[in-house]
Amino acid sequence: MRVQLTKRQVETYQPQERPYEVRDAQVRGLILRVQPSGHKAWIVSWAHGKRRTIGPTTAIPLDLARAQATHAIAEYLQSGLPRIGQSKSHAPTLQDFIDQRYRAWATLELKRGHMYANRLEQVFVDHLDDPLTGFNTAWADQWLQLRLSTPTGKTKSPPTRSTAARDLACLRAALSKAVSWGLIPTNPLLGMRIKGGQSRKVVRYLSLDEEARLRTVMAARDRHMIAARVSGNRWRALRQEDLYPDIPADTYGDHLTPVVLLAMNTGMRRGELLSMTWGDVDLEAKMLTIRAENAKSGRQRHIPLNVEAMDVLQRWSIRIGGQRIGRVFNVNDVKTGWTKLLADARIEQFRFHDLRHHFASRLVRAGVDLNTVRELLGHADITMTLRYAHLAPDTLAAAVAKLAA
C-alpha cells in the first residue's frame, strides 16, 4: 500500500505475524519494512524491482530517508544505476540476504528451514541492516555478553549459554551459505569456537518411585477430565444447550498421557512424536516408522511397539473417534501440561527429553545390548549410546568374571 508517511505514522506501525511493507506516497521508491520482531527499516527501490536497504528507522529519520531515496533514484535516472547498488562486491545486509536468498533456500532444502530464517530475524533484530561483512569474532564476543545479560521472552530472564551458542551457530551456518553463493569472500565466524552450556554429566531417568508417582498423577488427571466432561454435558443438557463430544471411559482426557507413555515406551523425541501420523503406525505388525524428514538424524528407523505402546495407541484411537487420519496428536507442544505434571508428581530437574533417557536406561538394565539400544534411539554411532553403559553392572561383572574361569 502507498501512504503519505509522517513521523508519527512510522512510530505507530505495529508488527504482524508476517513482514509487511508500506510505500511512501511522497517519494516514489521509498519503502518502510516492518518485521514481526518490531524492527523497522527504510528501503529504496528502483527499476525492475531492484532494491537496497538504507538503514533502520531508529537511526535514519523520515526526512533523511526521503532525501537518500530521492538521491538514489536521481542517480539511477542519470547513470542507470545508483551508487548504493553499483558494486557487486558490496555485501548485502543480513535482512536482504534473508529475504532475497536464504529463506527460500532454507525452506526448500533444510528440515524446518523456515525456522532458521525466523530465528535470524528475531535474535539478530538489531543487526538486520548490518552488511554480512560486518560480522566478526570480536563482534560475536560482544554480542554474546550482551545476549547473556539481557532478559528476553515471557520469562523475562536471559537465555542460557546453550541457546545463545545455537543462535551464533545459526548465523555462522547462514554466512557459510553466503560464501558458497559468492556474496562474501570468507565466513568471518568460521574459526570461532562457540561454547555451549555444560552438558549433564549424569543421565537423568525416573526412579521407580518417580515413575509410579507420574503414572498416578496422569491417571488421576484423565479421570478428572472424563468426569468433568460428563458433568458438564449433564449441566448443558438441562439447559438444552449443545453437548460436547463424549469422552469414552477408560481412555484419556486429552493427548498428554498418551504422548508421555509413548515417549517412555519408544524413546522417540518430542518432535518425532508430535509429527507422527497414523500412516506411520502399523498396529497389525506392531511397528512404528519414524520417517527421515521427521528424524533428527535424517534417517528413517523402525520401532517395535510393546504391549503398553499398543494399548496406548488403541485407546487413543477410541478417544478421538476411531478416525486414524492425519497426525496422531494434533498439537504443537506439550510444555504447559508437562510442567504441571512434574509439579503434581513432585519430580524435579527432569525434562521431557529425559523420557528418552528413561527408555534407554530401562533397556540397558534389562540386559539389551548397546548396539540395539543405539538402533532404537536412532543414534548415528555408538558414542552417544555409551553414556548408558554404566547402567548394566551385571553385564560388566559377568564379562570380568570370565577372566577367572
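Check the entry above for the structure.
Residues numbered from 1 in each chain as written. Predicted model: local features only at pLDDT ≥ 70, side-chain atom pairs only at ≥ 80, totals over all residues. Heavy atoms only, no water.

## Thoughts on the overall build of the protein chain
So the rule is basically this: Secondary structure elements follow DSSP: runs of H or I no shorter than four residues count as helices, runs of E no shorter than two count as strands, and numbering proceeds from the N terminus. Radius of gyration: over C-alpha atoms. The globule rule applied is 2.2 Å multiplied by the number of residues raised to the 0.38 power. Buried residues are those whose accessible area, probed at 1.4 Å on protein chains only, stays under 20% of the maximum for their type, while exposed residues exceed 50% and partly exposed ones sit between those limits. Contacts: residue pairs with any heavy atoms within 4.5 Å of one another. We get accessible surface area from the Shrake-Rupley algorithm with a probe of 1.4 Å; when it comes to residues, only the shown protein chains can shield them.
Scanning the protein chain for helices and strands turns up 14 helices and eight strands. Taking 405 residues into account, the globule formula puts the C-alpha radius of gyration at 22 Å, and the protein chain, at 28 Å, lies well above it. Principal axes of the C-alpha set define a box for the protein chain whose edges measure 90 × 75 × 40 Å. Burial analysis of the protein chain (405 residues in total) assigns 41% to the buried set. Of the contacts made within the protein chain by residues no fewer than 6 positions apart, 55% connect residues no fewer than 24 positions apart. Surface summary for the protein chain: the accessible area is close to 23,100 Å², and the carbon and sulfur share equals 54%.

## Structural notes on the nonpolar core
Selection rule: Among buried residues, those of type Ala, Val, Leu, Ile, Met, Phe, Trp, Tyr and Cys that are joined through side-chain atoms within 4.5 Å constitute a nonpolar core.
Core analysis: the largest hydrophobic core is formed by 51 residues, its most contacted members being Leu214, Val260, Met276, Phe329, Trp338, Phe352 and Leu355. At the level of secondary structure, the elements contributing two or more residues to this core comprise helix H7 (208–238), helix H8 (256–266), helix H9 (270–275), strand S7 (287–290), helix H10 (307–319), helix H11 (335–344), helix H12 (354–365) and helix H13 (370–377). The leading source of residues in this core is H8, at seven residues. Leu355 has contacts with Leu206, Val260, Ala263, Met264, Trp338 and Phe350, leaving out every residue within four places of it along the chain.

## Some thoughts on unusual backbone geometry
At Lys286, a position not held by glycine, the phi torsion is positive, near 55 degrees. Within the fold, Lys286 resides in the loop between strand S6 (281–282) and S7. A relative accessible area of 47% means that Lys286 is categorised as partly exposed. Located in the positive-phi region is Arg346, a residue other than glycine, with phi close to 55 degrees. Mapped onto the secondary structure, Arg346 falls in the loop between H11 and H12.

## So, the pattern of salt bridges
Basically, it comes down to this: The term salt bridge refers to a pairing of a side-chain nitrogen on Lys or Arg with a carboxyl oxygen on Asp or Glu at a separation within 4 Å.
This model, assessed by the stated rule, comprises 23 salt bridges. Salt-bridge contacts for Arg291 lead to Asp280; the nearest nitrogen and oxygen are separated by 2.9 Å. Here Arg291, found in the loop between S7 and strand S8 (301–304), pairs with Asp280, found in the loop between H9 and S6; they are 11 residues apart in sequence, far enough to count as distant. Residue classification places Asp280 among the buried positions, given a relative accessible area of 7%. A salt bridge links Asp354 to Arg351; its shortest N-O distance comes to 2.9 Å. Assessed through its relative accessible area of 0%, Asp354 is described here as buried. Relative accessible area serves as the criterion here: at 38%, Arg351 is assigned to the partly exposed category. Overlapping salt bridges bring together Arg33, Asp96 and Asp99 as one network.

## Remarks on the packing of aromatic side chains
The following threshold applies: Note on aromatic pairs: the rings of Phe, Tyr and Trp (six-membered ring only in Trp) are paired at centre separations within 6.5 Å, and the planes decide the class, stacked below 30 degrees, edge-to-face beyond 60, tilted for the rest. For a Lys NZ or an Arg CZ to count as sitting over a ring, it must be within 6 Å of the ring centre and within 35 degrees of the ring normal.
With the rule as written, the count across this model stands at 12 aromatic pairs. Ring geometry for Trp105 and Trp181: centres 5.9 Å apart, planes at 85 degrees, overall edge-to-face. Here the residue Trp105 occupies a position in helix H3 (residues 94–109), and Trp181 occupies one in the loop between helix H6 (161–180) and H7, the gap between them amounting to 76 residues. Overall, the relative accessible area of 23% leaves Trp181 in the partly exposed class. Through a chain of ring-to-ring contacts, three or more aromatic side chains come together here, namely Phe97, Tyr102, Trp105 and Trp181. The ring of Trp181 carries Arg101 above its face, with NZ or CZ at 4.4 Å from the centroid. For Arg236, the ring lying beneath its charged end belongs to Tyr244, and the centroid distance is 4.5 Å.

## As for the sheet that holds S7
This is how the line gets drawn: Note on pairing: two strands pair once DSSP finds at least 2 bridges between them.
In space, the three strands of this open sheet follow the order S6-S7-S8, with antiparallel pairing throughout. At either end of the open sheet lies a strand with only one pairing partner, and these are S6 and S8. Two elements, S6 and S7, share two bridges in a ladder whose sense is antiparallel. Each residue of the ladder has a partner; that of Val281, found in S7, is Leu288.

## Brief notes about H8
Burial analysis of H8 places 11 of its 11 residues in the buried class, which makes it a mostly covered element. Buried within H8 are the following residues: Leu256, Thr257, Pro258, Val259, Val260, Leu261, Leu262, Ala263, Met264, Asn265 and Thr266. Directly beyond the C-terminal end of H8, a positive phi value near 75 degrees is found at Gly267.

## Details of the sheet that holds strand S5 (residues 51–56)
For clarity, the threshold we go by: In this description, a line fitted to the C-alpha atoms serves as the axis of each element, helices being fitted only across the stretch in contact, and the angle between N-to-C directions of two axes falls anywhere from 0 to 180 degrees.
Taken in spatial order, the five strands line up as S1-S2-S3-S4-S5 in an open sheet, and their pairing is mixed. Pairing within the sheet leaves two strands with one partner each, and these edge strands are strand S1 (2–3) and S5. Relative to the sheet, helix H2 (residues 62–79) contacts strand S2 (20–24), strand S3 (30–34), strand S4 (40–45) and S5, its axis offset from that of S4 by approximately 20 degrees.

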